[in-house]
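# Working through the structure, step by step
What follows is each chain in one-letter form.
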Amino acid sequence: MAEVHVIGQIMGATGFSESSLFCKWGVHTGAAWKLLSGVREGQTQVDTPQVGDMAYWSHPIDLHFATKGLQGWPRLHLQVWSQDSFGRCQLAGYGFCHVPSSPGTHRLDCPTWRPLGSWREQLARAFVGGGPQLLHGDAIYSGADRYRLHTAAGGLVHLELGLLLRHFDRYGVEC
Amino acid sequence: MNPKEEKVKIITEEFSENNEVAEVGRQKKTSKVARQKRKKRLPTAGPEEMVSENPHLGGQQEPEQEDSDTRPLSMMSRRGPRSLPPIPSASRTGFAEFSMRERMREKLQAARSKAESTLLQEIPTTRPRRLQSPSKKELETEFGTEPGEKVQRTKQEDDSQSYSRVKFRDSAQKIKSKPPVPPGFPSAEEAYNFFTFNYDPEPEESEEKSQTRNRDETNQEEEEGEEEEPTVHGEHKTVMQDEEELLSAKDAEDFLLGLDHAAEDFVAVRPADYESVHVRLQREKELLFVPSRLTVPTYKKLPENVQPRFLEDEGLYIGARPEVPRTCQNIVENRLLTQDPGRKWFGDDGRILALPNPTKGFPSRPPMLTQEQDIKAELETLYKKAIKYVHRSQHMIGSGDTPGNFQLDIDILGLIFTHHPCFSREHVLAAKLAQLYDQYLARHQRNKAKFLTDKLQALRIAVQTGLNPAKTHKSLDTTQKTINEYKSEIRQTRKLRDAEQEKDRTLLKTIIKVWKEMKSLREFQRFTNTPLKLVLRKEKVDQKADEEAYEAEIQAEISELLEEHMEEHEQKMEAYRAAYQQWKAWKKAQRAKKKKKKQAVEEHPDEEMEEPYPGEEPVKPVPPEPTDRALIEQQVRERAARSRRRPGEPTLVPELSLAGSVTPNEQCPRVEVLRREDVKKRSVYLKVIFNDKEVSRTDSRPLGADFRVHFGQIFNLQIFNWPESLTLQVYETVGHSGTTLLAEVFLPIPETTVVTGRAPIEEVEFSSNQHVTLDHEGVGSGVPFSFEADGSNQLILMTSGKVSNSVAWAIGENGIPLIPPLSQQNIGFRSALKRADAISSIGTSGLTDLKKLAKWAAESKLDPNDPNNAPLMQLISVATSGESYVPDFFRLEQLQQEFNFVSDEELNRSKRFRLLCLRSQEVPEFRNYKQIPAYDREIMEKVFQDYEKRLQDRNVIETKDHIDTHRAIVAKYLQQVRESVINRFLIAKHHFLLSDLIVEEEVPNISILGLSLFKLAEQKRPLRPRRKGRKKVTAQNLSDGDIKVLVNIIRAYDIPVRKPTTSKFQQPSRSSRTFSEKRAASPTTHSPTHSSDYPLGQVLVRPFVEVSFQRTICHTTTAEGPNPSWNEELELPFRAPNGDYSTTSLQSVKDDVFINIFDEVLYDVLEDDRERGSGIHTRIERHWLGSVKIPFSTIYFQAKIDGTFKIDIPPVLLGYSKERSMIMERGFDSVRSLSEGSYITLFITIEPQLVPGELVREKFDSQEDEKLLQATEKFQTECALKFPHRQCLTTVTDISGKTVFVTRYLKPLNPPQELLDACPNNPQATAELVARYVSLIPFLPDTVSFAGICDLWSTSDQFLDLLAGDEEEHAVLLCNYFLFLGKKAWLMMGNAIPEGPTAYVLTREQSHYLIWNPCSGHFYGQFDTFCPLKSVGCLIGPDNIWFNTQRYDSPLRINFDVTKPKLWKSFFSRSLPYPGLSSIQPEELIYQRTDKAAAAELQDRIEKILKEKIMDWRPRHLTRWNRYCTSALRHFLPVLERSRGEDVEDDHRAELLKQLGDYRFSGFPLHMPYSELKPLIEAVYSTGVHNIDVPNVEFALAVYIHPYPKNVLSVWIYVASLIRNR
């Protein structure tokens, strides 16, 4: 019966080698969580930074959850994509972070990674774009044995999330 | 230590050599001693032999030894001071232990001659331990190896003297090694004895002693001993040599032993204990058991007489057994058989019981990290090309990506005609023969008869063994049971076999018959066309054996049959006996009863009534007849003769070959040559039709003389969706003329498991029903022909054939079959891997849905016996059977519950959460619900009431609101369609275009700038106001009261005028009345010459307008006269439902704006004439004259409504009459006179202006041709470019949400026969009737039913079933009816008032055009000024669309001649010809007659409800009903219906006046189509009849419903108020 409001924004991203970036995002929760209102997933606009190297999206996130347990605390998964001059999109990084569990405003930096693929694929990526993508996106936030993957680091996605918790103290969770 | 010892040894060697040299000649000792020594030496020789074995080492050693020969003295001299002899024995034995390598090293060291003194001191300490091991070893080991070495050595001695000497010296040293010197001065014999005696008991001690003594010994003693022994050696040197040459080791030993008699007393020389292998094995055999490695025969492993059962063959699952080598298994089996005689370790199949392989199929340790190795499915990456962003699939994070193309491979091998028009008679027979032969081959291959015979045999044997009681272990009754089962099995099998055999035989016979026919035909026509040749091969059989077998079979059968019959007989007998017994008992009882009865009758005469057996009397049973053996035998034999080969008859094997020759053309008759040429001309090709679209076609191949066509082409179809149909069309081309479609072959869509490479080649048959008659020898198709000369026995053959093809799914590069998902939602690969895995195949959520799970299990053909699936299967079986305990969960996170704060129920109970969820789901009741309380306790329970009620009602058909059940069902259906459509579009609504989000102000270009500059210089004209666009308001920041509906009422024309109430006896002629009234009607414009008609000088009518909207009422002031002018603005507040001012909500507002026109009548209520002077007492009454109804949605979408509307005036308005201006001089009036009815000019708008919602721009999937769709888009953009405001319609959405080309809706459809029969001679009347029928179908705008979504078009049958639709449906239906009536009719899309964009129907009469309003049933001429249609966008015919490209779009000013391309732009033109689109309308409409009784019932109910309503509306007054008037009205309504509300007024009025002479009467009939009750009530309410509050008023109300076919009801309501005239 506890409630969690997640209110915030995806500020932007830095450190990506590509310039025109956009971000697909989604929130994954456990079975105990119920989304009361808000949009669970979305996509930002494409931002091409003119000054500096940070791509600003300022994409709002406003979610209201009800939960009957702490398990499966909301996780934010992100996919940063880049758009090239031909309007083609390619993956620039996968990232994931837990929504903070203490109330208040939090600034989060979410590092990202992308699969490297074989040398052939790397070569193809360098010249013709595209690149290996996960077939199953849930590997981004699930702890399946990822040690098999070879990845390259992407940039950081900056988030600013405000949290409001309600009624957690009723169930013995101090916050 | 070792090196020192080595040195010692070397020293001794040197020393002995010296001795040898010195005393070689002396011979003191016997040969025996020498031999003894020799023997002793043998064991110790080992080390040396080892040296010699290694050639390398030996080579090094020998030179050294030779060196030692040459150098000894010098060495000695150098060693002089030492003078102590070494202790040879110790050194010798120690020596034996050294490895050669060490020795080598030591020798080298010796050669370097290191310090000696230290050596000597150390020696004694090392010795003792060394001695033991060699002495032991001597006895046991190294014995056998000696001889060979010896031989070798002797050879070496032969070779070189020096070597032999070394040898000798060695042997001498051996002797020395053993014997230690005795304490005293031993003689030679003593010494010998000492040496040779076996001190077995204390060998150590003696050694010990000798060693201790050694230390005390003097040099002399040593020397003596040394000297003696070499002499012995010397003597026997030659002998030794001989012996060594001759004897093998063992012989030598024996020899030595034999010689040594004296030593036997002391010494027992034994051979080393050795057991021969055989002996050992022998002995081991007693102790050990070695299982055989041979395979154990199966019978040993099974109980007796049990055949091995192979469960796997029976279809049961057997897990994979662990892999064990065959030999190991054999060993284990053998062991088990001997060890444990029970066979519990063996399974039914005779193999050892084994658990399934416990090893995992994959290593648990992760393999070394390499990219190429199998990566887990969820981590699999796929290289994606950088692609352009597709807007469709946005927001799809995590979900699968739309897979690329799927591929279907269609392999068309060829085509074989089984019949073709060009077949000659012979071909027909040949085809038949080939077919029969194929059948024969197939049967032969299966050989069912043989199989069944074998089975029968096996069963018989089984029965026999079963009958043998000795062998059965089971209890007797189970045996009996199985035997019975067997027997019934035998019976079945026999029957089957007989049938099969008979079939075989008849088939063979038919083949032969056809072949004979063919032969005779060939003979008859004297040429052959086909190379077919049948050869019958006879297989001789052994007559005798055959006969025997035959007889045996028959006998067996007879005996079985007999047995069966006996059994049956037995049973029958039993039954008979029982029956007989019963019968007898009954008889007896009867007799007794009779007796009793007699008595009873005498005693109690009243009890006789009871009958003992009320039923029928049992019949006396007849005993069954015993069976006759002879009869059975006869039967069996008959059957055998019929179905079986006779004994001794040779087996016939037909063989069909193509060996025959075809007669060449020259020798054939002319007709045949013609036929062949015709065949040559023909060629065939196939079209591949995928989802009704041609995707490919094969090459055209000529038809061979054998009517086979080989294609051998593979078509790879790249597809996106799951295929719906796959068809091959067979086309035939004759010569250069056109092609004909022979037939369509429907191919089955392959299963998802069928992939390329595994697909079998299938033959799909086709046939066509075409009729072909040819003028040559070809028999044609579909025409009768005969083989007989007299033409009897006719055959009709249709063209038919077989296409051999194979259809399969292609396999992608990575081995994944390219199969599209079955449903489009389920995007993602459906790979083989996924099929096997429940979770990936149906998703995790599917696991909770047991039905889904069970379905999946059934689909994927899980082996129910596979232990891997056991838990799943159990769950499914429990769930599907529904018995026992059904777990209501199948959870993935089992522990979740323990951590939960609250249970699910509690969470779901929370009202707040529920409210929040419902609001975010945009459930209508809660959409835009504001301010949800923070606590549950603040939320009222009743918030949900409506919603829950609606949910409950969803499945319950509510008949309260809908009196008519059919309409209730329809309403429900409509509701469902609506919901589904809304759900479908809910997401689509959230798609935005760039223009929705971004306002981009156009950058002013130079021309605009110039224009605005020019405007600055313009002269200011303050008195000429300029129109300014109003600002549009978006819906977000609106609240109640912000929006107002402005109604500007300007003027009205031709309002009906009052009839003088006093003139009740006046019956003026029509013309005169109108004339006089006309005069009176316009008193202002014309001189009131006739005003004398109106005694009080009262105006004819005092109309005012009342506007009601959402139960708010406003009215204008009262004007006077029939053409009043008000020019007043009324303001009505607008309230959106739920305070939701969003576009969707506003679109779905169903309220109407009612504009009612009333007449205000003043009545003098003054009772007394005397008071007239002093006071005025009047009562104001208002009489309803007519109304205009405008839906709010129309206002909303139009933003403003401006125009003149026809007032809906009831056909009969008692007390009023319509003035007619027939004879008017003025032009305007003459135009106006053409129209009938009254009109009102209005201007309605909403303040502030709202942004109308836009229609969904979603593109719907379509089954139209892609080309056509592109053409429509092009057409529409072209049209929109020229005339952006004209409506152009090419495609519409049908009720299932598919895009359909609009002309498909138009097709002649039959109107109800009843309407056609009404006035058969008057087509115009029929047309009007039909239009009226259409208008009676209730109107329901799409925009209301599918709020803000789109315009859905239903077909006419759907429309008639739903009985509701908007303008388009009405127009389509009307147009279709007109087309059926033979009119030229078009659908006309345009703008009308008040509907806005709408559809009308245009018909072309002889010389002029008529415009029909389908919703009202009215029609207008083209030049009618009051025609509501104001502009025409396009015309739609059944085969084309014409867009209006004329300058004007008003129907008054345009030309409707669509053949002129300058005026009308047509869609299908020469460049794009009409492709012949099939209609989506039904073939014809079927009308059910409406139940009259139901209509009557409905009529009564409506009347009752309306009366109640009127009473409700007058809460403060008494409502009296005038029955007399009501009945009069009731009689009158059917008349109105018949005349459709025209030309009855006068008669009616007269009649009414006659009947109700002393009443002041005001009332009117209302007419409307019936849809629901609510509109009727609204209509009655809006007339305001109930508002009269005169105390003595009476009311009359009558309802009449006229049923039209298909449940279309026309409702008439007559409402009247009566006031008694005093």
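You'll find the structure just up there.
Residues numbered from 1 in each chain as written. Chains lettered and ligands numbered in written order. Predicted model: local features only at pLDDT ≥ 70, side-chain atom pairs only at ≥ 80, totals over all residues. Heavy atoms only, no water.

Quick look at the overall build of chain A now. Scanning chain A from terminus to terminus reveals one helix and ten strands. Across chain A, helices and strands are ordered from the amino to the carboxyl terminus as β-β-β-β-β-β-β-β-α-β-β. In chain A, which comprises 175 residues, the proportion classed as buried is 58%. Pairs at least 24 apart in sequence give 76% of the contacts found in chain A among residues at least 6 apart. Of the roughly 7400 Å² that chain A leaves accessible, carbon and sulfur atoms contribute 53%. (Helix = DSSP H or I, 4+ residues; strand = E, 2+ residues; numbered from the N terminus. Buried < 20%, exposed > 50% of the residue type's maximum accessible area, 1.4 Å probe, protein only. Contact = heavy atoms within 4.5 Å. Areas by Shrake-Rupley, 256 points an atom, 1.4 Å probe, with all protein chains shown as cover.)

Scanning chain B from terminus to terminus reveals 51 helices and 41 strands. Residues counted as buried form 43% of the 1622 residues belonging to chain B. Of all intrachain contacts in chain B linking residues separated by at least 6 positions in sequence, the fraction that spans at least 24 positions is 74%. Carbon and sulfur atoms form 53% of the exposed surface of chain B, whose accessible area is close to 92300 Å².

Moving on, we get to the nonpolar core. Residues and elements named next belong to chain B. In terms of nonpolar packing, the biggest core is built from 74 residues, with Phe 1134, Ile 1155 and Ile 1240 touching the most fellow members. With six residues, strand β22 (residues 1152–1164) is the largest single contributor of residues to this core. Sequence-distant contacts of Ile 1155, that is, excluding residues within four places in its chain, are made with Val 1105, Glu 1106, Val 1107, Gly 1186, Ser 1187, Val 1188, Ile 1190, Ile 1240, Leu 1242 and Ile 1244. In this structure, Val 1330, Ile 1337, Leu 1379 and Met 1389 belong to the second largest nonpolar core, which totals 52 residues. (Core = buried A, V, L, I, M, F, W, Y, C linked by side-chain atoms within 4.5 Å.)

Residues and elements named next belong to chain B. The strand order across the open sheet built from seven strands is β34-β33-β32-β31-β35-β36-β37, with neighbouring strands paired in antiparallel fashion. This sheet does not close on itself; its edge strands, each paired only once, are β34 (1419–1421) and β37 (1464–1466). Ignoring which end each strand starts from, the neighbouring axes of this sheet average 35° apart. When strand β32 (residues 1396–1404) meets strand β33 (residues 1409–1412), the two strands line up antiparallel, connected through four bridges. Of the residues in β33, the one forming a bridge with Arg 1404 is Tyr 1409. (Pairing = 2+ DSSP bridges. Axes fitted to C-alpha atoms, helices over the stretch in contact; angles between N-to-C directions.)

What follows covers the environment of B:Lys1298. The topology assignment puts B:Lys1298 in the loop between β28 (1291–1294) and β29 (1299–1301). For B:Lys1298 and B:Ser1262, which are 36 residues apart along the polypeptide, the C-alpha to C-alpha distance reads 5.3 Å.

Before going further, it helps to examine the side chain of B:His1183. All names here are of chain B. Within the fold, His 1183 resides in strand β23 (residues 1178–1191). Relative accessible area serves as the criterion here: at 9%, His 1183 is assigned to the buried category. Ignoring anything within four residues of it in the chain, the contact list for His 1183 reads Ile 1157, Phe 1158, Asp 1159, Val 1161, Tyr 1163, Tyr 1216 and Ser 1562.

To continue, consider the sheet that holds strand β17 (residues 1044–1053) of chain B. All names here are of chain B. Ordered in space as β21-β17-β26-β24, the four strands form an open sheet in which the pairing is antiparallel. Every interior strand has two partners, whereas the edge strands, β21 (1125–1133) and β24 (1200–1206), have only one. Each strand axis lies, on average, 15° off the axis of its neighbour in the sheet, ignoring direction. Pairing analysis gives seven bridges linking β24 to strand β26 (residues 1239–1247), with the strands arranged antiparallel. Within β26, the position partnered with Gly 1203 by the bridge is Leu 1242.

Taken together, the side chains of A:Trp119, A:Leu123, A:Phe127 and A:Val128 present a nonpolar region at the surface, about 520 Å² in accessible area. By the secondary structure assignment, A:Leu123 is in helix α1 (residues 119–128). (Patch = residues over 30% accessible without salt bridge, like charges linked within 9 Å, V, L, I, M, F, W, Y side chains within 5 Å. Salt bridge = Lys/Arg side-chain N within 4 Å of Asp/Glu carboxyl O.)

On the surface, B:Lys584, B:Lys587, B:Lys588, B:Arg591, B:Lys594 and B:Lys595 cluster together to form a positively charged patch. In this structure, B:Lys588 sits in helix α23 (residues 543–603). (Lys, Arg positive; Asp, Glu negative; His and termini not counted. Charge placed at Lys NZ, Arg CZ, Asp CG, Glu CD.)

Mapped onto the elements of the fold, B:Val779 is located in the loop between β12 (762–767) and β13 (784–785). Sequence-distant contacts of B:Val779, defined by excluding residues within four places in its chain, comprise B:His419, B:Pro421, B:Phe423, B:Ser424, B:Arg425, B:Val428 and B:Phe785.

Moving on: helix α49 (residues 1523–1539) of chain B. Between the first and last C-alpha of α49(B) there are 25 Å, a value that for 17 residues agrees with the 24 Å anticipated at 1.5 Å per step. Restricting attention to buried positions, one finds in α49(B) the residues B:Cys1525, B:Thr1526, B:Ala1528, B:Leu1529, B:Phe1532, B:Leu1533, B:Pro1534, B:Leu1536 and B:Glu1537. (Expected span 1.5 Å × (residues − 1).)

On to the side chain of B:Thr493. All names here are of chain B. Here Thr 493 is to be found in helix α22 (residues 476–525). Looking at Thr 493, the relative accessible area reads 2%, which means it is buried. Those residues in contact with Thr 493, other than ones at most four positions away along the chain, are Leu 452, Lys 455, Leu 456 and Leu 459.

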